[in-house]
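Summary of structural features
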Amino acid sequence: GNSVTQMEGPVTLSEEAFLTINCTYTATGYPSLFWYVQYPGEGLQLLLKATKADDKGSNKGFEATYRKETTSFHLEKGSVQVSDSAVYFCALRGRDDYKLSFGAGTTVTVRA
Amino acid sequence: GAGVSQSPRYKVAKRGQDVALRCDPISGHVSLFWYQQALGQGPEFLTYFQNEAQLDKSGLPSDRFFAERPEGSVSTLKIQRTQQEDSAVYLCASSLGLAGNEQFFGPGTRLTVL
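Residues numbered from 1 in each chain as written. Chains lettered and ligands numbered in written order. Predicted model: local features only at pLDDT ≥ 70, side-chain atom pairs only at ≥ 80, totals over all residues. Heavy atoms only, no water.

1. Describing the overall build of chain B
A tally of regular secondary structure across chain B gives 0 helices and 11 strands. The linear arrangement of helices and strands in chain B, starting from the amino end, is β-β-β-β-β-β-β-β-β-β-β. For 114 residues, the compact-globule estimate of 2.2 N^0.38 gives 13 Å, and the C-alpha radius of gyration of chain B, at 13 Å, lies within 12% of that figure. On the principal axes, the C-alpha backbone points of chain B span a range of 40 × 25 × 25 Å. Burial statistics for chain B: of 114 residues in total, 47% are counted as buried. Within chain B, residue pairs in contact and separated by at least 24 positions form 53% of the contacts whose partners lie at least 6 positions apart. (Helix = DSSP H or I, 4+ residues; strand = E, 2+ residues; numbered from the N terminus. Rg over C-alpha atoms; globule rule 2.2 N^0.38 Å. Buried < 20%, exposed > 50% of the residue type's maximum accessible area, 1.4 Å probe, protein only. Contact = heavy atoms within 4.5 Å.)

2. Description of the environment of Arg15(B)
All names here are of chain B. Topologically, Arg15 is positioned in the loop between β2 (10-13) and β3 (19-24). As for Arg15 and Gln80, which are separated by 65 residues in sequence, their C-alpha atoms are 9.9 Å apart. Apart from the residues lying within four places of it in its own chain, the contact partners of Arg15 are Thr82, Gln83, Gln84, Val113 and Leu114.

3. Topic: the nonpolar core
Within the largest apolar cluster, 26 residues are counted, with the highest numbers of intra-cluster contacts made by Trp35(A), Phe73(A), Leu75(A) and Tyr88(A). Among the secondary structure elements, those contributing two or more residues to this core are β2 (11-14), β3 (19-21), β4 (23-26), β5 (32-38), β6 (44-50), β8 (62-65), β10 (86-93) and β12 (106-111) of chain A. Setting aside residues up to four positions removed in sequence, Phe73(A) forms contacts with Cys23(A), Leu33(A), Phe34(A), Trp35(A), Leu48(A), Lys49(A), Ala50(A), Ala64(A), Thr65(A), Tyr66(A) and Cys90(A). Of all hydrophobic cores here, the second largest spans 20 residues; its members include Leu21(B), Ile26(B), Ile79(B) and Cys92(B). (Core = buried A, V, L, I, M, F, W, Y, C linked by side-chain atoms within 4.5 Å.)

4. Examining the interface of chain A and chain B
Counting residues at the interface gives 15 residues for chain A, matched by 21 residues for chain B. Taking both partners together, chain A and chain B bury about 1,400 Å²; carbon and sulfur atoms supply 55% of that area. Where chain A packs against chain B, one counts 1 salt bridge. Across the salt bridge formed by Lys99(A) and Asp56(B), the nearest N and O atoms sit 3.3 Å from each other. For the pair chain A and chain B, the interface holds 4 residue pairs in polar contact (both at pLDDT 80 or more). A per-class count over the side of chain A that touches chain B returns 8 nonpolar, 4 polar and 3 charged. (Buried area = accessible area lost by both parts, 1.4 Å probe. Salt bridge = Lys/Arg side-chain N within 4 Å of Asp/Glu carboxyl O. Polar contact = N/O pair within 3.5 Å; in protein donor to acceptor, adjacent residues only side chain to side chain. Nonpolar A, V, L, I, M, F, W, Y, C, P; charged D, E, K, R; others polar.)

5. Examining the sheet that holds strand β9 (residues 75-77) of chain A
Residues and elements named next belong to chain A. Strand order in the open sheet made by the 4 strands is β3-β9-β8-β7, with antiparallel pairing throughout. Single-partner strands in this sheet number two, and they are β3 and β7 (56-59). For this sheet, the mean angle separating the axes of adjacent strands, direction not counted, is 15°. Two strands pair when backbone bridges link them, and β7 and β8 are joined in this way by 4 bridges, in the antiparallel orientation. Residue pairing across strands places Lys56 opposite Thr65, the latter belonging to β8. (Pairing = 2+ DSSP bridges. Axes fitted to C-alpha atoms, helices over the stretch in contact; angles between N-to-C directions.)

Everything listed here is a matter of geometry and, on its own, says nothing about what the molecule does.
Spelled out as structure tokens, the structure:
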């Protein structure tokens, strides 16, 4: 079945630091890949997505590239802000499927 | 318009009680999903509706869990004879069209079973 493994947290960074959260997946075929973010007290929000190999998703300064050869979709941001403090979830949806499969989440705290 | 809303936001139940959790999807959204998120884990799929039809309930953990969406809009997730292992955040999501569209999530209902 489909599964997602992401870097365990928590991760604590200083403002303007570089952030990477590793995500690898197991799936048959060509899934779509997602990063969701959950800010304190809020629901899950889609941060970015990629639907085929070598696609790069980007939003709010975050980027992730769909790497089929390494089955990875690592999230990066070059300069984090305090407002980026949140829980980040990597997820996939199988081709022709509807359900999302999530990683366990990574808590990121950015200090001023 | 408004996003997905869920009620109650918090529910405390004694073991053995029945609970009902409500989800109001975004108006006009055809697809509706329920997920269960245990503490420190990612959400796990429970069930999927397309309009009023429950097309997939493969993720429901036991026959104590029941979901309905009788008019193709509001959905209710019911848990009978709650157990401590049912303690989790229950997330509802909706999407505009059929399977492949973006899912918009509600804030969740945190259920604590004592």
